[in-house]
Amino acid sequence: MQEIERKFLVNSVQFKEEAVNSFEIAQGFLNTHAERTVRVRIKGEEGFLTIKGKSNESGTSRFEWEKAISIAEAKQLLALCEEGIIEKIRYNIPKGNHVFEVDEFFGENEGLIVAEVELQHENEVFETPTWLAKEVTGQTKYYNSQLSKKPYKTWHHE
């Protein structure tokens, strides 16, 4: 129940040509406390309730518990969520022994594209796709729970 992942920005839409599938996702947060988040997600035709703990110092690892719930339950819980529902399309792209999940955000976070790769251990080596840009692992402003509060469109962009 430990999630180990690294996050990166994406420098082109080339990843779409390499994707094996994609899903529309709508998600909200029942709780966005620094020690834990409680997320409700609808991914395609599936619902999920997820609890995540606080990240370790490097930002790569944290507790994660997830349970499938019905679409009806997920819709009811989404209605109870804090303000700032996240809308995105997730693309799955295999690369070597790993699968990159690339999220293209819409709504208040339109323009942001973030890639994540899950690892078995923090120092695991992985193939780097050409469309992978700056690493943002551990930068909390890129966490979905924070994007729901302070969307990408409100940032002062360089």
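Structure first, text after, so check above.
Note that the structure is predicted; figures quoted are calculated from it, not measured.

S.K.: Just checking my understanding: could you explain the overall build of the protein for this structure?
M.R.: Along its length, the protein carries three helices and nine strands. When the helices and strands of the protein are placed in sequence order, the string is β-α-β-β-β-β-α-β-β-β-β-α. For 158 residues, the compact-globule estimate of 2.2 N^0.38 gives 15 Å, and the C-alpha radius of gyration of the protein, at 15 Å, lies within 12% of that figure. Dimensions along the principal axes, computed over C-alpha positions, put the protein at roughly 40 × 35 × 30 Å. Scored against the burial criterion, the 158 residues of the protein give a buried share of 45%. Within the protein, contacts between residues at least 6 apart in sequence are counted, and of these 60% link residues at least 24 apart. For the protein, the accessible area works out to roughly 8800 Å², and carbon and sulfur atoms hold 48% of it. Taking the average location of the 20 positive side-chain charges in the protein and that of its 27 negative ones, the two points are 3 Å from each other.

S.K.: Which parts of the structure should I look at to understand the pairing of strand β5 (residues 61-69)?
M.R.: Each regular strand shows side chains that alternate between the opposite faces of the sheet. As paired elements, strand β1 (residues 2-10) and β5 share three bridges and run antiparallel to each other. The residue of β5 that forms the bridge with Gln2 is Phe63. Sheet topology note: the strand β4 (residues 46-53)/β5 ladder contains six bridges and is antiparallel. If you follow Ile51 over to β5, its bridge partner there is Trp65.

S.K.: Please explain the pairing of strand β6 (residues 86-95) as it appears in this structure.
M.R.: Counting buried positions along β6 yields seven of 10 residues, so the element is predominantly enclosed. Relative to β6, strand β2 (residues 21-33) runs antiparallel, the two being bridged by seven bridges. Each residue of the ladder has a partner; that of Asn21, found in β6, is Asn92. Note: β6 against strand β7 (residues 98-105), eight bridges, orientation antiparallel. Residue pairing in the sheet places Ile93 in a bridge with Phe100 of β7. In this antiparallel pair of consecutive strands, β6 and β7, the connection spans two residues, and Gly96 shows a positive phi of 60°.

S.K.: Honestly, the packing of aromatic side chains in this entry has me stumped. Any pointers?
M.R.: Any pair of aromatic rings gets described here by the distance separating the centres and the angle formed by the planes. All told, the structure shown has seven aromatic pairs when counted by the stated rule. With 5.2 Å between their ring centres and 75° between their planes, Phe15 and Tyr91 make a pair best called edge-to-face. Taken together, the residues Phe15 in helix α1 (residues 15-18) and Tyr91 in strand β6 connect sequence positions 76 residues apart. Classification of Phe15 by relative accessible area gives buried; the value is 0%. Residue class for Tyr91 comes out buried when judged on its relative accessible area of 11%. Between Phe100 and Trp131, the ring centres sit 5.8 Å apart and the planes meet at 80°, which makes this aromatic pair edge-to-face. Of the two residues, Phe100 sits in strand β7 while Trp131 sits in the loop between β8 (113-118) and β9 (132-135), which places them 31 residues apart along the sequence. Judged by relative accessible area, which is 0%, Phe100 ranks as buried. By relative accessible area, which is 0% here, Trp131 ends up buried.

Calculation criteria
Residues numbered from 1 in each chain as written. Predicted model: local features only at pLDDT ≥ 70, side-chain atom pairs only at ≥ 80, totals over all residues. Heavy atoms only, no water. Helix = DSSP H or I, 4+ residues; strand = E, 2+ residues; numbered from the N terminus. Rg over C-alpha atoms; globule rule 2.2 N^0.38 Å. Buried < 20%, exposed > 50% of the residue type's maximum accessible area, 1.4 Å probe, protein only. Contact = heavy atoms within 4.5 Å. Areas by Shrake-Rupley, 256 points an atom, 1.4 Å probe, with all protein chains shown as cover. Lys, Arg positive; Asp, Glu negative; His and termini not counted. Charge placed at Lys NZ, Arg CZ, Asp CG, Glu CD. Pairing = 2+ DSSP bridges. Phe/Tyr/Trp six-rings, centres within 6.5 Å; stacked < 30°, edge-to-face > 60°.

The values are spatial; any link to function lies outside them.
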